[in-house]
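Structural overview for review
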Amino acid sequence: LILTHHGLSLNGEAHSSATAAENFYTLLLKDFETQMEYLKRENIRPLLLDEFLGERCGSTQKTVVITFDDGHESDFALALPVLQRLGFAAVFFVCVEWIGRPGYMDWEQLEKLSQAGMSIQSHGLLHHDLTQLTEDEIYHELLSARLCLERNLGRPVRYLAAPGGFVNDRVYRAAFRAGHVAVCNSRPGLARPVRVLNRVVLQRCVSQRQFQRVVQRDRKRLFILSVMNAGVTTLKGMIGVQRYEALKQRFF
Ligand SMILES: [Zn+2]
């Protein structure tokens, strides 16, 4: 099971100029801590993606992969201390263009994160909806993001989390051509150790009870999440991403 977080917050706001949509994905630090402590208590072992893809079938221990999207500064300031206290490692997908912007991690913080045993991977260059680009445009964008991260951090970048979770066959083909071993999407459900990886995105409104049901692989909960995801995908297709985001701002 691959989990996706975004930023964390002490007071409910992602950062001082955060939009309602950003806050929608920003968990309170105390809720994140409760989630992580639950994993520890239940002996659910967090893996990095290399370990997950190399995992042998037949292991009886439940595992998760903890991922963070976008490269928020709170990932370094708030999430890292919790992960370190519990002895957990996580994967941080960073958008290259946002590195060093207010509210986002800079190169020095990414280096420290990496030295702490965390994995830094690609969330693309500009946070485009890649499905709107040609395959060559996607290829060049993803290749330059991957190489930029590798050059600056001196470690291999093998995974992509598609910005906004937007994927199609062109995105997958271009990402693999650009040297990624696997691509994470935002389709809820259990991930199989193959090149396309489903992830369950956790929003602030997810209760502790719902979180527990997800990590315990409650089939009903995972089914509800996939139905909701299919509904959102259909709605985005019908009214367009911008109008969907405007609607979300209005209601959340
Ligand atoms: Zn993102």
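Overview of the structure. Bear in mind that the values here come from a model prediction, so they are computed numbers and not experimental data. (Residues numbered from 1 in each chain as written. Predicted model: local features only at pLDDT ≥ 70, side-chain atom pairs only at ≥ 80, totals over all residues. Heavy atoms only, no water.)

With 13 residues, helix α2 (residues 29-41) ought to run about 18 Å at 1.5 Å a step, and its terminal C-alpha atoms sit 18 Å apart, in line with that. Those residues of α2 lying buried are Leu29, Phe32, Gln35, Met36, Tyr38 and Leu39. Asparagine 43 sits one or two positions beyond α2 and adopts a positive phi of about 60°. (Helix = DSSP H or I, 4+ residues; strand = E, 2+ residues; numbered from the N terminus. Expected span 1.5 Å × (residues − 1). Buried < 20%, exposed > 50% of the residue type's maximum accessible area, 1.4 Å probe, protein only.)

Take arginine 146: it is sitting in helix α6 (residues 135-153). Classification of arginine 146 as buried rests on a relative accessible area of 12%. Here alanine 178 takes part through its backbone oxygen, which lies 2.6 Å from a polar atom of the side chain of arginine 146. Look past the residues within four positions of arginine 146 in its chain and what remains in contact with it is Val157, Ala178, Gly179 and His180. (Polar contact = N/O pair within 3.5 Å; in protein donor to acceptor, adjacent residues only side chain to side chain. Contact = heavy atoms within 4.5 Å.)

Glancing now at the coordination of the zinc ion. Each protein donor to the zinc ion is listed here as Asp70 (OD), His123 (NE2) and His127 (NE2); together their distances run 2.1 Å. Along the chain, the residues donating to the zinc ion are arranged with the sequence spacing D-x52-H-x3-H. A relative accessible area of 25% places histidine 127 in the partly exposed class. (Donors = N, O, S within 2.8 Å, 3.2 Å for Na, K, Ca; no water.)

With that settled, the discussion passes to the side chain of asparagine 185. Along the chain, the position of asparagine 185 falls in the loop between β9 (182-184) and β10 (196-197). Given a relative accessible area of 1%, asparagine 185 falls into the buried group. Within the structure, asparagine 185 has its side chain in polar contact with the backbone nitrogen of arginine 187 (distance 2.9 Å). There is a polar contact of 3.4 Å between the side chain of asparagine 185 and the side chain of asparagine 198. Apart from the residues lying within four places of it in its own chain, the contact partners of asparagine 185 are Val167, Tyr172, Val196, Leu197, Asn198 and Arg199.

Without other data, these values stay purely geometric and don't point to any function.
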